[in-house]
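Topology and contacts: notes
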Amino acid sequence: MAKISFLLLILIPFLFGMSSAQLTANFYSSTCPNVLSVIKTAVNSAISKESRMGASLLRLHFHDCFVNGCDASVLLDDTSSFTGEKTANPNNGSLRGFDVIDTIKTQVESTCAGVVSCADILAVAARDSVVKLGGPSWNVLLGRRDSTSASLSAANNDIPAPTLNLSGLISSFSNKGFNAREMVALSGSHTIGQARCTTFRNRLYNETNINSSFGTTIKANCPQNGGDNNLSPLDTSPTSFDNIYYKNLQSQKGILHSDQQLFNGGSTDSIVNTYSSNSATFFTDFAMAMVKMGNLSPLTGTNGQIRKNCRKIN
């Protein structure tokens, strides 16, 4: 009986297929051993040309994972018979970096055709962007496959809006399995990048928990009418991945309503204080939260597909 039981343990994965396969750090070690260096080189090149691209690539991964898991659904273009997620309110006119992902996919396909998923490229590009801008690194678990569908409604409903209050933020992240500390850590991604005037105009002109001189400075680039796409940095060091974001919140210099909610006399003030005073703790927590986010409902095994073109289903 012992021999039979041992044999069953070996055969179970094969008997039930590989649809329950787990993500692993060395998934492409034999099938596409150079994939990580290809992605890193392309990401570093893109960020060297435009430092903001690092934040854009990180955001692409986030907006992908929060909608039915990390499956590259965010990359799909609309067609006459298919509606993707690019026109959802959190994405429309603001998501960037698609061309960088296209470039990476083309380079990877030239050496390992039909092997590496767009979802994995997004996950690695997000990590490499953070590292390039001075942030922490982490082992990106790989083996995701690409979706054959998208959900405009889920993109509109599941991606946290910049207008959310603290309770809404906690709820939104809790729905994806994150606790409040992980939510505050992931919000630290706003230590890099820019925000459009339309996303913070109401806070700028109607809220009182904002540093007055800071508000005056930002208003110069975000009038009460017009200039919706004018950009302002999300923190005062937008090209460095650091803990300045949290120090800004302590000084009421959060540009988004949702950002300042993290430090506004509520339950997350203490977490902001911790990250503000200890960047190493922030880096550690952020890296762990990113690994957890990358594990949100991935398609593995025989589910999904490996897209030849990240913008369309095979």
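Quick caveat, the model's predicted, so the values are computed rather than measured.

About the criteria used
Residues numbered from 1 in each chain as written. Predicted model: local features only at pLDDT ≥ 70, side-chain atom pairs only at ≥ 80, totals over all residues. Heavy atoms only, no water. UniProt positions renumbered as here; feature names shortened; annotations may be inferred. Helix = DSSP H or I, 4+ residues; strand = E, 2+ residues; numbered from the N terminus. Domains from an automatic or database assignment. Contact = heavy atoms within 4.5 Å. Buried area = accessible area lost by both parts, 1.4 Å probe. Salt bridge = Lys/Arg side-chain N within 4 Å of Asp/Glu carboxyl O. 1 Å grid on protein atoms, 1.4 Å probe; cavity = no way out; pocket = protein on both sides within 12 Å on 5 of 7 lines; lining within 4 Å. Points joined across faces, edges and corners; volume = space filled by probe spheres on them. Nonpolar A, V, L, I, M, F, W, Y, C, P; charged D, E, K, R; others polar. Buried < 20%, exposed > 50% of the residue type's maximum accessible area, 1.4 Å probe, protein only.

1. Some words on the UniProt feature "domain: Plant heme peroxidase family profile" (unreviewed entry) in the protein chain
Per the UniProt record, "domain: Plant heme peroxidase family profile" (unreviewed entry) is found at residues 22–314. End C-alpha atoms of residues 22–314 are separated by 24 Å, and the span's content is 46% helix alongside 2% strand.

2. A look at the domain arrangement of the protein chain
For the protein chain, the domain assignment lists domain 1 (34–159) and domain 2 (166–293). The centre of domain 1, based on its C-alpha atoms, is set 22 Å off from the matching centre of domain 2. On the side of domain 2, 19 residues touch domain 1, which itself brings 24 residues to the contact. Between domain 1 and domain 2 the total buried area reaches about 1800 Å² when both faces are included, carbon and sulfur atoms providing 74% of it. Linking domain 1 with domain 2 are 1 salt bridge, by the criterion used here.

3. What about the environment of Phe178?
Relative to the helices and strands, Phe178 is located in the loop between helix 7 (166–174) and helix 8 (180–187). Note: C-alpha distance between Phe178 and Lys292 (114 residues apart in sequence) is 8.5 Å. Excluding anything up to four places from it in sequence, Phe178 contacts Phe66, Phe173, Leu186, Ala289, Lys292, Met293 and Leu296.

4. Digging into the layout of surface pockets
When its volume is computed, the largest pocket comes out at roughly 1100 Å³. Residue contributions to the lining of the largest pocket peak at 6 residues, all from helix 3 (residues 53–65). Across the lining of the largest pocket, the residue classes break down as 23 nonpolar, 19 polar and 7 charged. Here the lining of the largest pocket spans two domains, and each of domain 1 (34–159) and domain 2 (166–293) adds at least three residues to it.

5. Topic: the pattern of salt bridges
In total, this model carries 12 salt bridges according to the counting rule given. Residue Arg311 pairs with Asp102 through a salt bridge whose shortest N-O separation is 2.6 Å. Of this pair, Arg311 sits in the segment after helix 14 (279–294) while Asp102 sits in helix 4 (residues 98–111), placing them 209 residues apart in sequence. Owing to a relative accessible area of 23%, Asp102 belongs among the partly exposed residues under this scheme. We note a salt bridge from Lys105 to Glu109, for which the minimum N-O separation is 3.0 Å. One end of the pair is Lys105 and the other is Glu109, both in helix 4 and 4 residues apart, which spans about a single turn. Among the residues examined, Lys105 registers a relative accessible area of 3% and is labelled buried. We classify Glu109 as buried; its relative accessible area is 18%. The network of salt bridges with shared partners includes Asp77, Lys86, Asp102 and Arg311.

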